[in-house]
Amino acid sequence: MENQNNNGFGFALSEIAIPQSKQRTNLFTALMKFQCECQTIPKLKNGFGYKYAELSKTMEIVKPLMLKHGIGFTQMLHGNNKITTMVFHAESGETIETMFEMPNGEPSKQMNTFQLDGARFTYYKRYQLLSLIGVFTDDDLDVDSRKTNQPTTETKTPSKKQKPKLDDQRFINAIKSVQNGEYSIEEIKKMCDLTSEQIKSLESLT
Amino acid sequence: MKNEKTIMFNATTPSFIARSSQIGKLMVNDRSGKKIGETAISELKKIVLFDKYGIKTDISSKYTDKGIQNEKIAIKMMSDSNGWFDVDADAEKIRFANEWITGEPDVNSKTILADAKCSFDATTFPFFDSTCPNKIYEYQLQSYMWLTGKTESFLCYVLTNQPEQMILDEINRAVWRGLANPKFENMDQSEIEIIMEQHVRSQWMFDHIPLEKRVKTFRIERDDEKIESMKQRIIECREIYNHLWNQI
């Protein structure tokens, strides 16, 4: 399915209809924070004669971050060819949405009508959502990095080594290690990124 | 903490030093439960073949590949799940050795000694076990405690997602099998691809299972009797090893 527009989103930007009257400070703040944290989505899937970012892979990357910032989305099909994507801020109920009328495709030897519908729904759902939340896809990864660095949330490693933050369980274990004489308080402070409360509790051990 | 002549790997070695990963099989007895068993002898034959002629009989498989590729992810998951604060998945592993055995634990921090086992899929993950399900691995952990002088260790089974490249390879294989299967004769390739991708991903990706359920940790205490029995078995193995060496 070829992109009919030159903006790379697969639909005209003028289709994005955001009513201007409502305040959306909470949603926009959350969206801004989300955008700062969200990585570029790699286009790794080959199919239909081009490379694209798979919807399931895209979701794997964006969903946890959206959840973190209290944002969600819903996508609705209207009739045979209209699709609406709504992004919402769960706590405030603020929303933005966009509606797009999809062009019809022609069934071919490779795809019957149902498959074609499925493919174009997925295609536009992906592009509409990515556009609305301001996330970009990228196909600049070279072949080797594609083989070895698949974009799963599990394989992502930070480039610079940071001190680990300690959640409750880890902090309890750190305290135990001080009590057992395995680490000194100073060593724990040097090793870990502690909150002021954790430092206080740790120092109270002396 | 007991520390028995622990030295680094490049020390002078006697004729046969067992590896921690081999010791479990070498400890298998025959049916009487008193003598060395066939499993142990077969393991020794493999070791001799490799030591003398460089012939590897355990060629890498998809099972070992997953473990190797996912090792760091597994260590991160077991550290998160158990709340270990001084475990670094990127830390370089250290090989230990003494007169009888050599081994390289996956995790050896000041407070934690542990080994990761990546289950190949959910069917081999010990969801329902409450005690260590594998004696061979238990001996491996005992050997690490022997080598490091520690008194407790952890055997962690981890259900990591299959590496993406292995998923893609499996989808390709499944599609080819599907194309040859009369059950799918009314479908075209793209349709089969969708079905197979869904199937493979549903069997090999486990993000829908909470992290704490994807890590099963068994605490193993140091057992000096077991360590002594390993020592005796290695002495016994040395004789058989020499005999096998001279046979080929």
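Residues numbered from 1 in each chain as written. Chains lettered and ligands numbered in written order. Predicted model: local features only at pLDDT ≥ 70, side-chain atom pairs only at ≥ 80, totals over all residues. Heavy atoms only, no water.

**Observations concerning the sheet that holds strand 5 (residues 82-89) of chain A**
Residues and elements named next belong to chain A. Here is the rule: The pairing criterion for strands is at least two bridges between them, as found by DSSP. Think of it this way: any DSSP run of H or I at least four residues long counts as a helix, any run of E at least two long counts as a strand, and we number them from the N terminus. Each axis is a line fitted through C-alpha atoms, and for a helix only the stretch in contact is used; angles between axes span 0 to 180 degrees, taken between their N-to-C directions. Here, two residues are considered to be in contact whenever any of their heavy atoms come within 4.5 Å of each other.
Pairing is antiparallel in the open sheet, where three strands are placed in the order 4-5-6. The strands lining the two open edges of the sheet, one partner per strand, are strand 4 (71-78) and strand 6 (95-101). Neighbouring strand axes in the sheet, compared pairwise and without regard to direction, differ in orientation by 15° on average. With eight bridges connecting them, strand 4 and strand 5 associate as antiparallel partners. For Ile-71, the partnering residue across the bridge sits in strand 5 and is His-89. Of the strands in this sheet, strand 4, strand 5 and strand 6 touch helix 1 (residues 25-37), which is tilted by about 95° from strand 5.

**Describing the nonpolar core**
Across soluble globular proteins, nonpolar side chains have a tendency to be buried as a group. Just so we agree on the cut-off: Among the buried residues, those of types Ala, Val, Leu, Ile, Met, Phe, Trp, Tyr and Cys that are joined through side-chain atoms within 4.5 Å form a nonpolar core. Each residue is placed in one exposure class: buried if its accessible area under a 1.4 Å probe, protein chains only, is under 20% of its type's maximum, exposed if it is over 50%, and partly exposed if it falls in between.
Phe-16, Ile-23, Leu-26, Leu-44, Ile-101 and Ile-234 of chain B are the most contacted members of the largest nonpolar core, which totals 24 residues. Beyond its immediate stretch of four places on either side in the chain, Ile-234 of chain B contacts Phe-16, Ala-18, Ile-23, Trp-100, Ile-101 and Trp-146 of chain B.

**A short note on the sheet that holds strand 6 (residues 113-118) of chain B**
Strands in a sheet are paired, the pairing made by backbone hydrogen bonds, and the direction either parallel or antiparallel. All names here are of chain B. Reading across the sheet, the four strands line up as 5-6-7-8 and stay open at both edges, with mixed pairing between neighbours. Looking along the sheet, the strands with just one partner apiece sit at the ends: strand 5 (107-108) and strand 8 (215-221). Pairing analysis gives seven bridges linking strand 7 (residues 152-158) to strand 8, with the strands arranged antiparallel. Of the residues in strand 8, the one forming a bridge with Cys-156 is Thr-217. Across the face of the sheet, helix 5 (residues 135-148) comes into contact with strand 5, strand 6, strand 7 and strand 8 while running at roughly 150° to strand 6.

**Examining the confidence of the model for chain B**
Note the following rule: Per-residue confidence from the predictor is given as pLDDT, running between 0 and 100.
Per-residue confidence for chain B averages 89 on the pLDDT scale, and 94% of its residues sit at or above 70. This prediction of the complex comes with two scores: 0.61 for pTM and 0.75 for ipTM.

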